[in-house]
Amino acid sequence: MNLVFLGPPGAGKGTIAAIAKEKLGVPHISTGDLFRAAIKNETELGKQVKSILASGELVPDSVTVEMVRERFLDKDTKDGFILDGFPRTISQADSLADMKQIDHVVNFLLDREEIVKRLSGRRMCKSTGKIYHVLYNPPKVEGIDDETGEPLIQRDDDKEDAILNRLEVYDRQTAPLISYYKEKGMLRDIDAKGSPEAVLAQMLAAIGA
Ligand code: AP5
């Protein structure tokens, strides 16, 4: 099944995708994770996008679409995938339609107050990308990854100024995708406020899995 997870920053797309990929047996493709890996590995792409990610602006469409096109060459995407954070503009959605047929677009709905709480409390393991939350999903030992023992970090774009900018960027450039996909009959709204288990159950019901 070919899925797109759409929704504002911090709505829980990555958290649910990380669980759903096991359940559905498809890879989780997060464009944010791909950019962060490029930054960590200091590749040309990483150098090009580092300051863009830190500010919360979007990477240019041409660069992002090319990265996704290359990812689709990997065999593991043949029988399905979860796209998390892509597309984020109408132009990216048009490019995606030329590359793949999408079965469902799952739209994560969450109020602003909760989004800010989730983003400001998020911590992650830099090497594995595992996501925690200081209150909602804390590690066993404060500030330390359960599996690797490495110190957890706060993403640069989870600082207050960048959060506000990301929400503005979402409203301006990504929210128009809601009507884009609604008009095509592909949109499946889910309430992202419950526990991860409850959100996962809603998501599976919404896609008929
Ligand atoms: P990206 O990494 O995609 O960031 P995002 O869309 O802003 O999404 P987030 O990762 O912030 O949130 P999420 O919805 O995955 O929430 P999460 O599960 O982590 O993109 C980063 C940047 O890369 C962009 O700003 C841009 O610069 C660039 N980029 C990426 N894609 C691009 C594109 N297509 N075009 C151009 N540029 C692009 O959860 C958040 C927190 O809440 C966690 O702490 C988690 O533990 C907690 N939580 C999650 N679910 C629950 C729950 N149900 N209950 C309680 N707590 C929960």
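For the structure, check the block above.
Notes on the structure in this doc start here. (Residues numbered from 1 in each chain as written. Predicted model: local features only at pLDDT ≥ 70, side-chain atom pairs only at ≥ 80, totals over all residues. Heavy atoms only, no water.)

Let's talk about the site of the ligand
Then step 1. Residues in close proximity to the ligand total 35 residues, the closest being Thr15, Glu57, Arg88, Arg122 and Arg166.
Then step 2. Here an oxygen atom of the ligand sits 2.8 Å away from a polar atom, N or O, in the main chain of Gly14.
Then step 3. In the model, an oxygen atom of the ligand is placed 2.6 Å from a nitrogen or oxygen of the Thr15 side chain.
Then step 4. Computed on the free molecule, the ligand has an accessible area of 1000 Å², of which 96% lies beneath the protein chains in the complex.
Then step 5. Of all the elements in the fold, those that place two or more residues in the shell around the ligand are helix H1 (13-24), helix H2 (31-40), helix H6 (112-120) and strand E6 (131-133).
Then step 6. The biggest single contributor to the shell around the ligand is H2, with four residues.
Then step 7. Residues that form the shell around the ligand fall into these classes: 13 nonpolar, 13 polar and nine charged. (Near = heavy atom within 4 Å. Polar contact = N/O pair within 3.5 Å; in protein donor to acceptor, adjacent residues only side chain to side chain. Areas by Shrake-Rupley, 256 points an atom, 1.4 Å probe, with all protein chains shown as cover. Helix = DSSP H or I, 4+ residues; strand = E, 2+ residues; numbered from the N terminus. Nonpolar A, V, L, I, M, F, W, Y, C, P; charged D, E, K, R; others polar.)

Quick notes on the packing of aromatic side chains
Then step 1. Within the structure shown, the criterion is met by three aromatic pairs.
Then step 2. Measuring from ring centre to ring centre gives 5.1 Å for Phe5 and Phe108, while their planes differ by 55°; the resulting arrangement is tilted. One end of the pair, Phe5, is in strand E1 (residues 2-6); the other, Phe108, is in strand E4 (residues 104-109), with 103 residues separating them in the sequence.
Then step 3. Residue Phe108 is classed as buried on the basis of its relative accessible area of 1%.
Then step 4. Taken together, a centroid distance of 4.9 Å and an interplanar angle of 85° make the contact between Tyr180 and Tyr181 edge-to-face.
Then step 5. The residue whose ring lies beneath Lys100 is Phe72, and the NZ or CZ to ring-centre distance is 5.1 Å.
Then step 6. Sitting above the plane of the Tyr180 ring, Lys184 keeps its charged end 4.6 Å from the centroid. (Phe/Tyr/Trp six-rings, centres within 6.5 Å; stacked < 30°, edge-to-face > 60°. Buried < 20%, exposed > 50% of the residue type's maximum accessible area, 1.4 Å probe, protein only. Lys NZ or Arg CZ within 6 Å of the ring centre and 35° of its normal.)

Quick word on the sheet that holds strand E3 (residues 81-84)
Then step 1. Sheet architecture is open: five strands sit in the order E2-E3-E1-E4-E7, paired in parallel fashion. A strand with exactly one partner marks an edge of an open sheet, and here the two such strands are strand E2 (28-30) and strand E7 (187-191). Pairs of neighbouring strands in the sheet enclose a mean axial angle of 25°, with direction left out of account.
Then step 2. With three bridges connecting them, E2 and E3 associate as parallel partners. Residue pairing in the sheet places His28 in a bridge with Ile82 of E3. (Pairing = 2+ DSSP bridges. Axes fitted to C-alpha atoms, helices over the stretch in contact; angles between N-to-C directions.)

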